[in-house]
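# Structural description and commentary
Each chain, letter by letter, is given below.
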Amino acid sequence: GENVEQHPSTLSVQEGDSAVIKCTYSDSASNYFPWYKQELGKGPQLIIDIRSNVGEKKDQRIAVTLNKTAKHFSLHITETQPEDSAVYFCAASSPGGSQGNLIFGKGTKLSVKP
Amino acid sequence: NAGVTQTPKFQVLKTGQSMTLQCAQDMNHNSMYWYRQDPGMGLRLIYYSASEGTTDKGEVPNGYNVSRLNKREFSLRLESAAPSQTSVYFCASSSTGGEGEKLFFGSGTQLSVL
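Residues numbered from 1 in each chain as written. Chains lettered and ligands numbered in written order. Predicted model: local features only at pLDDT ≥ 70, side-chain atom pairs only at ≥ 80, totals over all residues. Heavy atoms only, no water.

### Overview of the layout of surface pockets
The criterion, for reference: The rule is simple: put a 1 Å grid over the protein atoms alone, call a set of points where a 1.4 Å probe fits but cannot get out a cavity, call an open set with protein on both sides within 12 Å along at least five of seven lines a pocket, and count a residue as lining if it has an atom within 4 Å of a point. Grid points are joined across faces, edges and corners, and a volume is the space filled by probe spheres set on the points. Runs of H or I in DSSP of at least four residues are treated as helices and runs of E of at least two as strands, each being numbered from the N terminus. Gly counts as polar in this scheme, as do all residues outside two lists: the nonpolar Ala, Val, Leu, Ile, Met, Phe, Trp, Tyr, Cys and Pro, and the charged Asp, Glu, Lys and Arg.
Roughly 750 Å³ of internal volume is contained in the largest pocket. Considering the residues around the largest pocket, the lining is formed by 31 residues, among which Q38, L40 and V87 of chain A together with Q37 and V88 of chain B are closest to the centre. Every element with two or more residues in the lining of the largest pocket is listed here: β9 (86-93) and β11 (108-113) of chain A together with β4 (31-38), β9 (87-94) and β11 (109-113) of chain B. Taken together, the residues of the lining of the largest pocket sort by class into nine nonpolar, 16 polar and six charged.

### Thoughts on the pattern of salt bridges
Using the following cut-off: Any Lys or Arg side-chain nitrogen found within 4 Å of a carboxyl oxygen on Asp or Glu counts as a salt bridge. In this scheme, a residue with accessible area under 20% of its type's maximum is buried, one over 50% is exposed, and one in between is partly exposed, where area comes from a 1.4 Å probe on protein chains only.
Applying the stated rule across the entire model yields seven salt bridges over all chains. With a shortest N-O distance of 3.5 Å, K37 of chain A and E39 of chain A are connected by a salt bridge. Under the relative-accessibility criterion, K37 of chain A is labelled buried at 16%. Two residues, R44 of chain B and D38 of chain B, come together in a salt bridge whose shortest N-O distance is 2.9 Å. As far as burial versus exposure is concerned, R44 of chain B and D38 of chain B are alike and both buried.

### Re the nonpolar core
Put simply, the rule reads: The nonpolar core is taken to be a set of buried Ala, Val, Leu, Ile, Met, Phe, Trp, Tyr and Cys residues, with the residues joined through side-chain atoms within 4.5 Å. In what follows, a contact means two residues having at least one pair of non-hydrogen atoms within 4.5 Å.
If you look at the biggest cluster of nonpolar residues, it comprises 22 residues, and the most contacted ones within it are Y25, F33, W35, F73, L75, Y88 and L110 of chain A. Setting aside its immediate chain neighbours within four residues, L110 of chain A contacts L11, V13, A19, I77, D84, S85, A86 and Y88 of chain A. Residues M19, L76, Y89 and L111 of chain B belong to the second largest nonpolar core, which totals 20 residues.

### Considering the pairing of strand β4 (residues 32-38) of chain A
All names here are of chain A. The criterion, for reference: Whether two strands pair comes down to DSSP finding at least two bridges between them.
The buried count for β4 comes to seven of seven residues, which makes it a mostly enclosed element. Of the two faces of β4, the one carrying Y32, P34, Y36 and Q38 and the one carrying F33, W35 and K37 are both buried. Pairing of β4 with strand β5 (residues 45-51) involves six bridges; the strand directions are antiparallel. The partner of F33 across the bridge, within β5, is I50. The hairpin turn running from β4 into β5, its antiparallel successor, is six residues long, and G41 in that turn takes a positive phi close to 80°.

### Topic: the environment of S28 of chain A
Residues and elements named next belong to chain A. On the secondary structure map, S28 appears in the loop between β3 (19-25) and β4. We classify S28 as exposed; its relative accessible area is 61%. When the C-alpha atoms of S28 and K71 are compared, they prove to be 6.9 Å apart, with 43 residues separating the residues in sequence.

### Some remarks on the interface of chain A and chain B
Using the following cut-off: When two parts are put together, the accessible area they lose, computed with a 1.4 Å probe and summed over both, is reported as buried area. N or O atoms within 3.5 Å of each other form a polar contact, as long as, within protein, one can give a hydrogen and the other can take it, and as long as residues adjacent in sequence are counted only when both atoms are side-chain atoms.
Chain A puts 23 residues into the contact, and the matching count from chain B is 21 residues. Of the roughly 1700 Å² buried where chain A meets chain B, counting both sides, 54% is carbon and sulfur surface. At the surface where chain A touches chain B, the tally comes to zero salt bridges. Taken together, the connections running from chain A to chain B amount to two residue pairs in polar contact (both at pLDDT 80 or more). Contributing elements (two or more residues each) for the side of chain A that touches chain B: β4, β5, β9 and β10 (102-104) of chain A. Among the elements that take part in the side of chain A that touches chain B, β4 of chain A stands out by supplying three residues, more than any other. Of the residues contributing to the side of chain A that touches chain B, the split by class is eight nonpolar, 12 polar and three charged.

Spelled out as structure tokens, the structure:
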């Protein structure tokens, strides 16, 4: 089955710097890659996603890139702000199944220091 | 709209006790899910219900049972709680359960089993 590795597990940056979180997946058939943000005491929320027919997607300060050949995808946050501090999860989904096929990485705790 | 509502928010059990975690969504979604979140382990799927009247096992179903009471409600039951079930439990829902849909999460139930 699918396996998703996420790095780093913790990341600390200064306000205004960029942050990059990387994930690799094992199933070459996977074709949907969402990123969820979890603030303290809350449930995860979808912030951006990408499908395998696209190499990059951007939404304001957040972007995701996908390299299908290398089977890895990354979350890029530019001009970080203290409110970006949270735990971020990547995930991968194989085609033909339900959301029960969505496999999450172990999470990255991002701290943005003012 | 409340979205996905979970009760209780906190619970302490003794080993061997039973309890039911409740989840309700008001978005008219067909699919509902139960995840557990453990430190360093990310989100792991326990059970899911693709539609009213159906339930399926996820990655870590042992020790749990579920009931899709109606379209709105999906409960998770621990018949005989064990310390290994100490975790934060999240309920989620999605519109049709198809691949590539946004998951909406509740705010979680923090469960401690002593």
